[in-house]
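# A closer look at the structure
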Amino acid sequence: MVSTIPSLNSVHVSKLRLDIRNLQPQLVEWRRRLHQYPELGFTETLTAEFVSQHLRKWGIDHQTGIAKTGIVATIDSGKPGPVLAIRADLDALPIQEENNVPYQSQHPGIMHACGHDGHTAIALGTAYYLAHHRHCFQGIVKIIFQPAEEGPGGAKPMIEAGVLKNPDVDALIGLHLWNNLPLGTIGVRSGALMAAVEKFQCTIYGKGGHGAIPHQTIDSIVVASQVVLALQTIVSRNVNPLESAVVSVGSLHAGKTDNVIADSAKMLGTVRYFNPTYQGFFGKRVEQIIAGICQSHGASYELNYAPLYPPVINNKRMAELVQSVAETVVETPAGIVPECQTMAAEDISYFLQAVPGCYFFLGSANPDKNLDFPHHHPCFDFDETVLGMGVEMFVRCVEKFYTLHH
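Residues numbered from 1 in each chain as written. Predicted model: local features only at pLDDT ≥ 70, side-chain atom pairs only at ≥ 80, totals over all residues. Heavy atoms only, no water.

### Topic: the pattern of salt bridges
When their charged atoms lie close together, side chains carrying opposite charge are able to pair. The tally for this structure, following the rule as stated, stands at 14 salt bridges. Among the salt bridges present, the one from Asp117 reaches Arg31, with a minimum N-O distance of 2.9 Å. In this pair, Asp117 is assigned in helix α3 (residues 116-132) and Arg31 in helix α1 (residues 18-36), connecting sequence segments 86 residues apart. The salt bridge involving Glu320 is made with Lys316; its shortest N-O contact spans 2.5 Å. (Salt bridge = Lys/Arg side-chain N within 4 Å of Asp/Glu carboxyl O. Helix = DSSP H or I, 4+ residues; strand = E, 2+ residues; numbered from the N terminus.)

### Some details on the packing of helix α7 (residues 316-329) against helix α9 (residues 386-405)
Contact pair α7 / α9: the axes reach a minimum separation of 9 Å and the direction vectors enclose 125°. Taken together, the axis directions place α7 and α9 in an arrangement best described as oblique. For the pair α7 and α9, the sense of crossing is right-handed. The segment α7 lies against α9, with Arg317, Met318, Leu321, Val322, Ser324, Val325, Ala326, Thr328 and Val329 engaging Met389, Glu392, Met393, Arg396, Cys397, Lys400, Phe401 and Leu404. (Axes fitted to C-alpha atoms, helices over the stretch in contact; angles between N-to-C directions. Parallel < 35°, antiparallel > 145°, perpendicular 65-115°, else oblique. Left-handed = near helix turned anticlockwise from the far one by under 90°. Contact = heavy atoms within 4.5 Å.)

### A word on the domain arrangement of the chain
Taken domain by domain, the chain consists of domain 1 (18-194 + 311-405) and domain 2 (196-309). One C-alpha centre belongs to domain 1, the other to domain 2; they are set 37 Å apart. Opposite the 20 residues of domain 1 that make contact, domain 2 presents 11 residues. Across the contact surface, domain 1 and domain 2 share zero salt bridges. Those elements giving two or more residues to the side of domain 1 that touches domain 2 turn out to be β7 (191-194) and α8 (348-354). The biggest single contributor to the side of domain 1 that touches domain 2 is β7, with three residues. Split into classes, the residues belonging to the side of domain 1 that touches domain 2 amount to 11 nonpolar, five polar and four charged. (Domains from an automatic or database assignment. Nonpolar A, V, L, I, M, F, W, Y, C, P; charged D, E, K, R; others polar.)

### Notes on the side chain of Asn275
Here Asn275 is to be found in the loop between β12 (264-273) and α6 (281-297). Judged by relative accessible area, Asn275 falls into the buried class, the value being 19%. A polar atom in the side chain of Asn275 sits 2.8 Å from the side chain of Thr277. (Buried < 20%, exposed > 50% of the residue type's maximum accessible area, 1.4 Å probe, protein only. Polar contact = N/O pair within 3.5 Å; in protein donor to acceptor, adjacent residues only side chain to side chain.)

### Regarding the UniProt feature "domain: Peptidase M20 dimerisation" (unreviewed entry) in the chain
Here the UniProt-annotated "domain: Peptidase M20 dimerisation" (unreviewed entry) positions come out as residues 200-299. Taken end to end, residues 200-299 has its terminal C-alpha atoms 19 Å apart, with 36% of it in helix and 30% in strand. (UniProt positions renumbered as here; feature names shortened; annotations may be inferred.)

So this is what it looks like as structure tokens:
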């Protein structure tokens, strides 16, 4: 099914509640402060202190130093009810920012190029609102500020540290600002939303020699080239055509000059898929292909294949909850994109394996303001109007979760 992505002009966002509208300037201020001082995974000390400082000021109970720099805030309504977790990520990327804005990154070579500064600001705004409106919901909300989503992955160590326990979390939600969707749209679906990601590193060992006397050599570049081409047959010939998968070699390095046949070639690649039943399949097939081609040429190889994150699989009931809330925040049905999927990956998948939950996309692109560069681009930025929308979505999900759970 091909979804029609609505244009910005066709989407009319309903008015936010007054208290969240009044919070909007503060959300922008927090986001820009976070944007100026980005930090890489597991080193988010300034970011964590910024979050903790505000939580302390508002009297919100929280734990710090979880999985190095993670934080968990607990907001109790004082009334019996379920426990809903909200997850946001703290880390930035090793990218030199090229935006000429007053809030440009002050840390050379590091940039919030994926919207995590917005995620953190939205989670802070949600914490502030809920702490000052405990009468509006029942049960407990745990807000998880996670380090290292971009790598090597902070979700799993946070789960292992017990962030879903004491009190036990019944369900979890999270959002990703998404420049692949225009401002005022929400992408939500049950089932697979984002792909599993696995990576491999392979070195082909041949026998070097003179470029004019190839019969005395085992040409590692020829072998590696055949491997790259043959790997493409995994998706085209081994994966069900009704399934989606990707095998990409993103780096291939060999040799230093024109008349010397390289004795080794090194490649780096990534694998993506939605269906969890393919777990373990791609690693075996990649090695079979590499081993067979190397054997046919008399070459050898060294392969390091590593699964990273499983696919992001949304629980049906939680996805229905989020979609029903989205329909109250976005006025027109055209603003809901139910079949929004991406081969990008996210380690919130570990949380969604542990408890039922839903991860959704919040459209943040505004081409009229030149705010539509793709994620991980040095000019990435988003329309900050979306920050209030994010808080509104989370707050309404919290308020409605009690009725779903009962």
